[in-house]
Amino acid sequence: MMKNILLAVTGGIAAYKAIDLTSKLTQGGYDVRVMLTEHAQQFVTPLSFQAISRNAVYTNTFLEENPAEIQHIALGDWADAIVVAPATANIISKLSHGIADDMVTTTLLATTTPKFMAPAMNVHMYENPRIQANIQTLMDDGYHFIEPGEGFLACGYVAKGRMAEPLEIKAVLDRAGQDHTNQQQSAFYRNKKVLVTAGPTVETIDPVRFVSNRASGKMGYAIAAALQKVGADVTLVTGPTSIEPPRNVEVVQVTTAEDMFQAVKQRFEHQDIIFKTAAVSDYTPVEPLAHKMKKQDGDVTVTFKRTQDILKYLGEHKTTQKLVGFAAETQNMESYAQDKLARKNADVIIANNVGDTSIGFSSDQNEVSLYFKDGTTETLQKGPKKKLAFQILSILESRWDV
């Protein structure tokens, strides 16, 4: 489990809950150290946390009591996880823009330790597009967010914005610790060569127009990142996306379906596992125009031809490789997935209903079902794509590590 927890308390009325959180974590066997911002100290005192945690409380970046170390660096290195509770709109915004002007921000920006944010604020502030954009930025950077609850807020509203309850935050850390332990213990993916395709492809009609699809690449990128973290040698073949690629992963940028096919074909022979998550265009214009098509009276016909079916090609030519296909459906998901599993000779098809906008292409959430050759199915309940990626790897390992 994760033993050492660094709790960062920022300036909101929910700071009083952080005292209870410290107590719950300490009773649960965690070693808790606490940092308080200047604004947090307007609501709670360092002495309260010191008495409960039995550790020193940190409030000043420049108070370096141990000359052998830099305090905010050493704290980040000591912690197995950092929890910001409450996470105010101010701290979220500062971190998302890389501002380091106090003990909490300097520590968080100077560490790679897993970070958990428990937002607490007025509902309109929480739903403000700028705050949501800042939250998304931090999520893209790997921060984990613990959703606020609904209820009576200090401002008098009854709405979403209450900091998650201490026991709920502890439960999140308990699960994260277990996931971390499982990841550390697993050696199945270590040093395996794994190729992941992600994102859409773009098929040119003329220099101005093209045909593509709504795929964001988020699921494929999440799988590539998870594979890298469990020790795989990952190649990510990606169509155009706006996502920052995972670190320490070979990235191959492609545009068209043919580009993606050639990139995969060249590398296929040397792979142990292939995850085909990309949404590849099924059709491409027969003759892309060299110049912009001008507007004219009447209708226009563009003739398309079939693109290379990459998953089918891989299924026909695989030898020892494991082949994981994805199916984005809007109806009859199970029957279409089972049919695709057989026709493409895949080892597993992972399907989701993109007709549900809450788990569709651009969502950070997903809900998937895994269909196997032996007729069995495993379903993963709705959750963050980054979390589901590890769950998918765990299920596949349990099937293949025999």
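Position numbers for residues start from 1 in each chain and track the written sequence from start to end. Restriction of local features to residues with pLDDT of at least 70 applies here, the model being predicted, together with a cutoff of 80 or more for giving and counting side-chain atom pairs; totals for whole chains, interfaces and linings are based on all residues. For the side-chain quantities, the full set of heavy atoms in the structure was used; hydrogens and water were omitted.

### Notes on the UniProt feature "binding site: CTP" (unreviewed entry) in the protein
Point 1. UniProt positions are given in the numbering used here, feature names are shortened, and annotations may be inferred rather than shown by experiment. Annotation from UniProt places "binding site: CTP" (unreviewed entry) at D282, K292, F326, K340 and K344. The named residues occupy 63 residues along the chain; their greatest pairwise C-alpha distance, 37.5 Å, places them well apart from one another.
Point 2. Helix and strand assignments come from DSSP, with helices taken as H or I runs of at least 4 residues and strands as E runs of at least 2, each series counted from the N terminus. Note that K292 resides in the loop between β15 (283–285) and β16 (304–306).
Point 3. Along the polypeptide, F326 turns up in strand β17 (residues 322–329).
Point 4. With a 1.4 Å probe rolled over the protein chains alone, any residue whose accessible area is under 20% of its type maximum counts as buried; one over 50% counts as exposed, and the rest are partly exposed. A relative accessible area of 14% places F326 in the buried class.

### Let's talk about the environment of N345
Point 1. With respect to the helices and strands, the residue N345 is situated in the loop between α12 (333–343) and β18 (348–353).
Point 2. Take N345: its relative accessible area is 31%, and that puts it in the partly exposed class.
Point 3. In contact with N345, other than residues within four places in its own chain, are G315, K318, L323, K340 and K373.
Point 4. Here a polar contact is taken to be a pair of N or O atoms separated by no more than 3.5 Å, where protein atoms must pair a possible hydrogen donor with a possible acceptor and residues adjacent in sequence count only if both atoms sit in side chains. Among the polar contacts listed, one links the side chain of N345 to the side chain of K373, at a separation of 3.1 Å. Whether two residues touch is decided by their heavy atoms; if any such pair falls within 4.5 Å, the residues are in contact.

### A closer look at the pattern of salt bridges
Point 1. Note on definitions: salt bridges are taken to be side-chain nitrogens of Lys or Arg within 4 Å of carboxyl oxygens of Asp or Glu. Counted according to the given criterion, the structure contains 14 salt bridges.
Point 2. Across the salt bridge formed by D233 and K193, the nearest N and O atoms sit 3.0 Å from each other. Of this pair, D233 sits in strand β12 (residues 233–238) while K193 sits in strand β9 (residues 193–198), placing them 40 residues apart in sequence.
Point 3. Taking the shortest distance from any N to any O, the salt bridge between E378 and R399 comes out at 3.3 Å. Of the two residues, E378 sits in strand β20 (residues 377–384) while R399 sits in helix α13 (residues 385–400), which places them 21 residues apart along the sequence.
Point 4. A residue is classified by how much of its surface remains accessible, and E378, at 27% relative accessible area, is partly exposed.
Point 5. Three or more residues joined by partner-sharing salt bridges are found here, namely K17, R162 and E165.

### So, the side chain of K318
Point 1. Among the structural elements, K318 can be located in the loop between α11 (310–317) and β17.
Point 2. What makes K318 buried here is its relative accessible area of 17%.
Point 3. Here D347 takes part through its side chain, which lies 2.9 Å from a polar atom of the side chain of K318.
Point 4. The residues touching K318, leaving out its near neighbours within four places in the chain, are F268, L323, N345, A346, D347 and K373.

### Here we look at the pairing of β12
Point 1. Counted residue by residue, β12 has 5 buried out of 6 residues, so it is predominantly covered.
Point 2. Inspection of the sheet shows β9 paired to β12 by 6 bridges, in the parallel sense. Bridge pairing in β12 places K193 opposite D233.
Point 3. In terms of strand pairing, β12 meets strand β13 (residues 250–253) through 4 bridges, oriented parallel. Note on β13: the bridge partner recorded for L236 is V251. Any two strands are treated as partners once DSSP identifies two or more bridges connecting them.

### Digging into a nonpolar patch on the surface
Point 1. Like charges within 9 Å and nonpolar side chains (Val, Leu, Ile, Met, Phe, Trp, Tyr) within 5 Å are joined into patches, using only residues over 30% in relative accessible area that form no salt bridge. In short, Shrake-Rupley with a 1.4 Å probe defines the accessible areas, and a residue's cover is counted only from the protein chains shown. There is a patch of nonpolar side chains on the surface, built from I13, Y16 and F43 and spanning about 330 Å² of accessible area.
Point 2. Relative to the assigned elements, Y16 resides in helix α1 (residues 15–27).

### A closer look at the sheet that holds β13
Point 1. The strand order across the open sheet formed by 8 strands is β13-β12-β9-β14-β17-β18-β19-β20, and the pairing between neighbours is mixed. Two strands in the sheet have a free side with no partner beyond their single neighbour: β13 and β20. In this sheet, adjacent strand axes meet at a mean angle of 15° when their direction is disregarded.
Point 2. As defined by bridge partners, β9 adjoins strand β14 (residues 273–276) across 4 bridges and the pair is classed as parallel. Residue pairing in the sheet places V194 in a bridge with I273 of β14. To get an axis, fit a line to the C-alpha atoms, keeping to the stretch in contact for a helix; angles then go from 0 to 180 degrees between the N-to-C directions.

### A short note on helix α3 (residues 71–78)
Point 1. Among the 8 residues of α3, 6 are classified as buried, and the element is accordingly described as predominantly covered.
Point 2. Those residues of α3 lying buried are Q71, H72, A74, L75, G76 and W78.
Point 3. Elements in contact with the buried residues of α3: β1 (4–9), β2 (31–36), β3 (57–58) and α5 (103–109).

### Things to note about the environment of R162
Point 1. Topologically, R162 is positioned in strand β8 (residues 158–162).
Point 2. For R162 and G151, which are 11 residues apart along the polypeptide, the C-alpha to C-alpha distance reads 6.5 Å.
Point 3. Separated by 3.4 Å, the side chains of R162 and E165 make a polar contact.

### Some thoughts on the packing of aromatic side chains
Point 1. Only centres within 6.5 Å qualify two rings of Phe, Tyr or Trp (six-membered ring in Trp) as a pair; their planes then separate them into stacked at under 30 degrees, edge-to-face at over 60, and tilted for everything else. Using the criterion set out here, one finds 2 aromatic pairs in the structure.
Point 2. The ring centre of Y143 lies 5.3 Å from the NZ or CZ of K115, which sits over that ring.
Point 3. We call a charge positioned over a ring when the NZ of a Lys or the CZ of an Arg lies within 6 Å of the ring centre and within 35 degrees of the ring normal. For R399, the ring lying beneath its charged end belongs to F372, and the centroid distance is 3.8 Å.

### Details of the nonpolar core
Point 1. L227, F275, L370 and L396 are the most contacted members of the largest nonpolar core, which totals 34 residues.
Point 2. Within the residue set of this core, elements represented by two or more residues are β9, α9 (218–229), β12, β14, β17, β18, β19 (365–372) and α13.
Point 3. Setting aside its immediate chain neighbours within four residues, L370 contacts V348, I349, I350, T376, T377, E378, L380, I392, I395 and L396.
Point 4. In this structure, A14, F116, I169 and V172 belong to the second largest nonpolar core, which totals 30 residues. Here, nonpolar core refers to any group of buried Ala, Val, Leu, Ile, Met, Phe, Trp, Tyr and Cys residues whose side-chain atoms link them within 4.5 Å.

### What to know about the sheet that holds strand β4 (residues 81–87)
Point 1. One open sheet holds the 6 strands; their spatial order is β3-β2-β1-β4-β5-β6, and the pairing between them is parallel. The open sheet has two edge strands, β3 and β6 (144–145), and neither has a second partner.
Point 2. Relative to β6, strand β5 (residues 115–119) is paired through 2 bridges, and the arrangement is parallel. Note that in β6 the partner of M117 across the bridge is F145.
Point 3. Strand contacts of α1: β1, β2 and β4, with the helix running at about 170° to β1, the strand carrying the most contacts.
Point 4. Together, β1, β2 and β3 form the strand contacts of helix α2 (residues 46–53), whose direction differs from that of β2 by roughly 175°.

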